[in-house]
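# Geometric and topological summary
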Amino acid sequence: MRRFFVFALIALLAVSAVGPAGAADGALKVPPFKKVVLNNGLTLLLMEQHEVPIISLNFIVQSGSVADPVGKEGTASATAALLRKGTKSRTADQISNELDFVGGQLDSDATFDYSSGTAEFVKKDIAKGLDLLADILLNPTFPQDEVTKLLKQRIDEIKAAKDEAQAVIGNYFRAYLYVRHPYGRPANGDEKSIAAITRADVLNFYQTYYSPRNTILSVVGDFETAAMEQTLRGRFGDWKGPVPEKRKPLLAAQAVAGKKLLLVDKPDSTQTFFQIGNLGIARTNPDRVFIQVVNTLFGGRFTSMLNTELRIKTGLTYGARSSFIQHQNPGPFVISTYTRNETTEKAIDMTIEILKRLHEKGVTEEDLKSAKTYLKGQFPPTIETSDQLADLLAQLEFYGLDASDVNGYYAKIDSMTMADARRVINQYFPMENLVFVLIGKAAEIEPIARKYAPTIDKKAISQPGF
């Protein structure tokens with residue numbers, strides 16, 4: 001791996017030259033790229049970046065944990081993780097050894113909307129890199145011993161994660177917010193669902209969804225487009241896979257009306273971790289940039305309203321934040337923080353008061369200007385390197401967006417007015433309708449929890465599942 005880190009350092013030193021081109025008005029522009037759809041349906045996205053001798057690849061299989069069989073949540077994630085655990089011509093150890101020899105990276109996993117993978121190789125080793133990538137995508141065998149090992153590890157990891165409330169509270173919040181909607185199921189599964197998964201389930205998921213017509217492959221780096229296109233046609237042009245069945249569009253979940261609260265008992269906890277929120281927005285929501293500006297002020301940066309009051313001024317926590325998690329359908333809006341058992345009530349009260357203040361007082365022109373400047377400064381480093389650009393291209397294609405999502409970003413920020421801010425606050429930041437999830441020592445915090453919702457639900461963190 002030593003060689004990889006050397007070249008990674010070279011890439012790091014050169015990132016300022018790798019990123020999107022700047023326009024005359026100072027805005028960012030996505031560099032030119034070529035989209036090709038092969039006869040078998042595979043979508044290729046090719047972008048040349050010659051500043052460093054590295055080539056990054058990103059693939060998206062347009063099916064994720066939403067497609068997991070009910071009761072076998074974690075199947076999509078396990079399938080993705082097992083791709084490099086053995087093929088028709090290579091064992092898991094052989095794949096790892098070959099990657100190490102060329103100093104390459106190759107990883108894959110699944111999220112709610114899709115399964116994905118990333119790979120990165122030095123230019124001179126790209127032939128070997130593409131051999132490995134094509135082999136794991138087209139020829140995985142999912143050996144039984146590797147399936148058994150991975151599933152056992154994942155069950156152990158989930159059990160261990162429950163010792164750290166911060167690691168699992170998001171799963172509890174999703175499950176409680178979405179109830180039976182697919183976004184409420186844990187993408188990586190839980191103790192019960194993973195134990196129910198078999199090799200046959202993994203193989204069936206692969207055979208059903210891993211097909212060229214369901215896959216996007218983006219490639220960014222030091223290559224000539226025509227030559228890379230020809231190479232990829234040779235590696236992937238003969239990929240045969242099923243035509244995925246036309247799935248019914250996933251219905252959006254309904255926002256929770258009123259207030260409801262889940263208390264997860266962790267008897268040994270000296271702190272209370274809590275999340276408050278409701279349904280948020282989809283990745284394609286037309287107000288997403290305006291929402292990001294307001295959320296930056298409310299809970300999206302260190303000097304936000306939430307963090308200023310809960311951490312900087314009062315020391316109730318080491319951090320408080322808010323976020324809009326975006327999927328194809330609306331993801332959750334979540335306020336997250338934690339505090340000592342004895343300051344639980346004060347911290348929750350203050351969180352609600354800050355949200356109320358946002359609605360009643362809004363933001364100032366100075367606030368708006370500050371958030372705009374902050375976001376415009378933070379954005380460029382997120383799309384500088386070849387791997388970031390490969391991810392960007394695949395994501396835009398998957399969500400049905402285009403380069404204007406980046407090219408128009410600064411202009412969209414600049415166009416935001418005080419009226420837009422007021423509308424966004426009223427429309428997207430819930431005040432009366434709130435979902436609360438608390439993880440902590442119920443014997444101490446249950447009386448406090450009861451003041452925030454008319455009734456509360458309870459479970460023990462030791463119970464399997466979320």
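Everything here concerns the structure above.
The structure reproduced in this document is the subject of the present report. The model shown is predicted, which means the values in this text are computed figures rather than measured ones.

### Comments concerning the packing of helix α11 (residues 288–300) against helix α18 (residues 418–428)
- The interhelical angle for the contact between α11 and α18, taken along N-to-C directions, is 90 degrees, at an axis separation of 10 Å. The angle between α11 and α18 places the two elements in the roughly perpendicular class. Along the contact surface, α11 presents Phe 290, Ile 291 and Val 294, while α18 presents Asp 420, Ala 421, Arg 423, Val 424, Ile 425 and Tyr 428.

### A closer look at the sheet that holds strand β4 (residues 43–48)
- Across the sheet, which stays open at both edges, the six strands sit in the order β3-β4-β8-β5-β7-β6 with mixed pairing between neighbours. Edge positions in the sheet fall to β3 (34–37) and β6 (105–110), since each has one partner strand and no second. Adjacent strand axes in the sheet meet at a mean angle of 15 degrees, parallel and antiparallel pairs treated alike.
- Relative to strand β8 (residues 215–221), β4 is paired through six bridges, and the arrangement is parallel. Within β8, the residue paired with Glu 48 across the bridge is Gly 221.
- The sheet strands contacting helix α5 (residues 126–138) are β5 (54–61), β6, β7 (115–122) and β8, and the helix crosses β5 at an angle near 10 degrees.

### Points about the nonpolar core
- Formed by 75 residues in total, the largest nonpolar core has its most connected members in Leu 57, Tyr 172, Leu 217, Val 219, Met 228, Leu 232 and Phe 236.
- Counting residues per element, this core draws most heavily on helix α7 (residues 165–178), at nine residues.
- Aside from chain neighbours lying at most four places away, what touches Met 228 is Leu 46, Ile 55, Ile 126, Leu 130, Val 219 and Phe 223.
- Residues Ala 27, Phe 274, Ile 276 and Val 293 belong to the second largest nonpolar core, which totals 72 residues.

### Quick look at unusual backbone geometry
- Backbone geometry places Phe 142, a non-glycine residue, at a positive phi of 50 degrees.
- For Phe 142, the position within the fold is in the loop between α5 and α6 (144–161).
- The buried category is assigned to Phe 142, whose relative accessible area is 0%.
- Phi is positive for Val 179, close to 55 degrees, though the residue is something other than glycine.
- The exposure class of Val 179 is partly exposed, given its relative accessible area of 43%.

### Notes on the pairing of strand β13 (residues 434–440)
- Most of β13 sits out of view: seven of its seven residues are buried.
- In β13, alternate side chains face the same way, and those of Leu 434, Phe 436, Leu 438 and Gly 440 on one face and Val 435, Val 437 and Ile 439 on the other are all buried.
- Pairing of strand β9 (residues 259–265) with β13, which is carried by seven bridges, proceeds in the parallel orientation. By the bridge assignment for β13, Leu 262 is matched with Val 437.
- Across five bridges, the pairing between strand β10 (residues 271–279) and β13 is antiparallel. Bridging from a neighbouring strand, Gln 275 pairs with Val 437 of β13.

### Side note on the environment of Asn 307
- Within the secondary structure, Asn 307 sits in helix α12 (residues 305–313).
- The spatial distance from the C-alpha of Asn 307 to the C-alpha of Tyr 318 is 8.5 Å, given a sequence separation of eleven residues.
- Ignoring anything within four residues of it in the chain, the contact list for Asn 307 reads Arg 301, Phe 302, Ile 312, Gly 319 and Ala 320.
- Within the structure, Asn 307 has its side chain in polar contact with the backbone oxygen of Phe 302 (distance 2.9 Å).

### Brief notes about helix α9 (residues 199–209)
- For α9, every residue scored as buried is listed here: Asp 201, Val 202, Phe 205, Tyr 206 and Tyr 209. An end-on view of α9 places all buried positions within 135 degrees of arc, on one side of the element.
- Its buried side turned inward, α9 meets β5, α3 (75–82), β7, α5 and α8 (191–196).

Conventions used here
Residues numbered from 1 in each chain as written. Predicted model: local features only at pLDDT ≥ 70, side-chain atom pairs only at ≥ 80, totals over all residues. Heavy atoms only, no water. Axes fitted to C-alpha atoms, helices over the stretch in contact; angles between N-to-C directions. Helix = DSSP H or I, 4+ residues; strand = E, 2+ residues; numbered from the N terminus. Parallel < 35°, antiparallel > 145°, perpendicular 65-115°, else oblique. Contact = heavy atoms within 4.5 Å. Pairing = 2+ DSSP bridges. Core = buried A, V, L, I, M, F, W, Y, C linked by side-chain atoms within 4.5 Å. Buried < 20%, exposed > 50% of the residue type's maximum accessible area, 1.4 Å probe, protein only. Polar contact = N/O pair within 3.5 Å; in protein donor to acceptor, adjacent residues only side chain to side chain. Arc of directions from axis to C-beta.

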